[in-house]
Amino acid sequence: MSENMKRVLTGIRPTGPLHLGHYVGALKQWVLLQDEYECFFMIADVQALTTHAGNPKVIEESVRDVLLDFLAVGLDPTKPNVHFILQSAIPELAELTVYLSMVTPFTWMQSNPTIQQESKALGKGISTGFMCYPVSQAADILFVSPDPTESKEEILVPVGEDQVPHLRDTNSIVSAFNRTYSPTFNECKPLLGDYPRLVGTDGQLKMSKSLGNCINLGDDEKTVEKMVKGMFTDPNRIHPNDPGTVEGNPVFIYHDIFNPDKKEVCDLKKRYKDGTVGDVEVKEKLNVAIQSFLKPIRERRKHAEKMDIKKFLEDGTDFARGLAVKTLSRTRKAMHLDYPSLK
Ligand code: TRP
């Protein structure tokens with residue numbers, strides 16, 4: 001690692017394989033950050049337990065999927081400044097969460113809009129772990145905080161719009177802790193991507209495993225082709241010679257993102273509006289574009305499948321743990337938990 005590189009930390013919950021939505025909303029940007037920053041990419045398995053406590057097998061299997069997906073999109077843990085980390089393997093994070101929770105009014109959790117939205121979707125039976133996960137996420141971020149007496153550098157956190165309330169809570173926790181004790185943590189700052197959200201193949205707002213509207217980064221050619229053929233288009237268009245709507249049409253949203261041949265996209269849009277092209281042709285061309293977008297990803301995945309991927313996670317986690325131990329010792333000291341009076 002380099003002492004003067006700015007730190008970036010972000011995480012993902014391992015609750016299934018990653019899809020095109022993760023790519024455009026997150027991974028694409030993460031790949032670029034590796035050139036400039038000290039990067040921590042966390043697989044947040046403890047956070048996954050906040051919603052999947054009864055289903056640990058899903059998490060266990062997803063950790064491998066996510067690792068392969070990370071490598072497949074071009075994240076590179078062989079670089080000295082890139083660290084893959086596993087949340088549960090850093091027990092210091094759990095301890096830090098407890099300490100941070102003492103300066104976090106519970107009303108902050110209750111009024112966090114993402115918590116409100118997610119708990120509505122989850123319905124009854126929400127756990128305490130779920131209600132308090134923004135505190136645990138604050139610990140995920142703050143363990144890489146430099147000591148404010150040595151550096152004022154903030155921690156950059158690339159995330160989607162839905163995570164902004166959590167980062168706001170993190171910064172409120174930083175102020176509350178530093179005010180109550182002594183300067184211990186620096187603030188974090190969100191880095192928002194260009195396409196925070198990708199519509200599902202069925203036209204729903206978001207790609208999501210539970211909706212079955214995803215194209216996964218690890219899907220084979222046949223599966224992708226089938227998903228593209230079944231895509232939702234303009235529901236009011238019945239015949240290929242009916243004039244169609246391009247705006248908000250998922251097939252064209254994907255063409256704009258994944259088809260590098262802008263002339264072809266422009267021509268398809270024009271013909272679609274005029275009613276001189278059928279859905280079949282539009283989808284066939286989209287399939288070609290997505291398959292070629294996925295080609296290098298598939299090749300890197302094949303290569304990664306032969307590697308000792310566990311080692312990447314162990315090395316990154318070991319390195320991160322070194323930082324966590326330091327941060328925790330600073331935190332305990334600030335809270336007088338090092339018991340100078342007993343020494
Ligand atoms: N909450 C994030 C999500 O659901 C995952 C996450 C866990 C995270 N810890 C983090 C994101 C720390 C940024 C920083 O996508």
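Definitions and cut-offs
Residues numbered from 1 in each chain as written. Predicted model: local features only at pLDDT ≥ 70, side-chain atom pairs only at ≥ 80, totals over all residues. Heavy atoms only, no water. Domains from an automatic or database assignment. Contact = heavy atoms within 4.5 Å. Buried area = accessible area lost by both parts, 1.4 Å probe. Buried < 20%, exposed > 50% of the residue type's maximum accessible area, 1.4 Å probe, protein only. Helix = DSSP H or I, 4+ residues; strand = E, 2+ residues; numbered from the N terminus. Pairing = 2+ DSSP bridges. Right-handed = clockwise from strand over helix to strand, strands pointing away. Core = buried A, V, L, I, M, F, W, Y, C linked by side-chain atoms within 4.5 Å.

Draft legend 1. A look at the domain arrangement of the protein chain. When its domains are assigned, the protein chain resolves into domain 1 (7-198 + 309-342) and domain 2 (221-302). The gap between the C-alpha centroids of domain 1 and domain 2 is 36 Å. Each partner contributes to the interface: domain 1 provides 11 residues, whereas domain 2 provides 10 residues. Carbon and sulfur atoms make up 75% of the area that domain 1 and domain 2 hide from each other, which totals about 940 Å².

Draft legend 2. Inspection of helix α2 (residues 45-52) at higher detail. Within α2, the full set of buried residues consists of Asp 45, Gln 47, Ala 48 and Thr 50. Packing partners of the buried residues in α2 comprise β2 (38-43), α3 (56-73), β3 (82-86), α7 (128-131) and α8 (133-142).

Draft legend 3. Local environment of the pairing of β2. Among the 6 residues of β2, 6 are classified as buried, and the element is accordingly described as predominantly covered. Both strand β1 (residues 7-12) and β2 contribute to a ladder of 6 bridges, which runs parallel. Bridged to Val 8 within β2 is Cys 39. On the question of chirality, the crossover connecting β1 to the parallel β2 by way of helix α1 (residues 20-33) is right-handed. As paired elements, β2 and β3 share 5 bridges and run parallel to each other. Looking across to β3, one finds that Phe 40 is bridged to His 83.

Draft legend 4. Inspection of the nonpolar core at higher detail. Formed by 57 residues in total, the largest nonpolar core has its most connected members in Leu 20, Phe 70, Phe 84, Leu 217, Tyr 254 and Ile 290. Per element, the largest residue contribution to this core is 9 residues, and it comes from α3. Residues lining this core come from more than one domain, with at least three contributed by each of domain 1 (7-198 + 309-342) and domain 2 (221-302). When sequence neighbours within four positions are dropped, the list of residues in contact with Tyr 254 reads Leu 198, Val 199, Gly 200, Thr 201, Met 207, Ile 215, Met 231, Asn 259, Leu 286 and Ile 290. Of all hydrophobic cores here, the second largest spans 35 residues; its members include Leu 9, Phe 40, Leu 167 and Ala 334.

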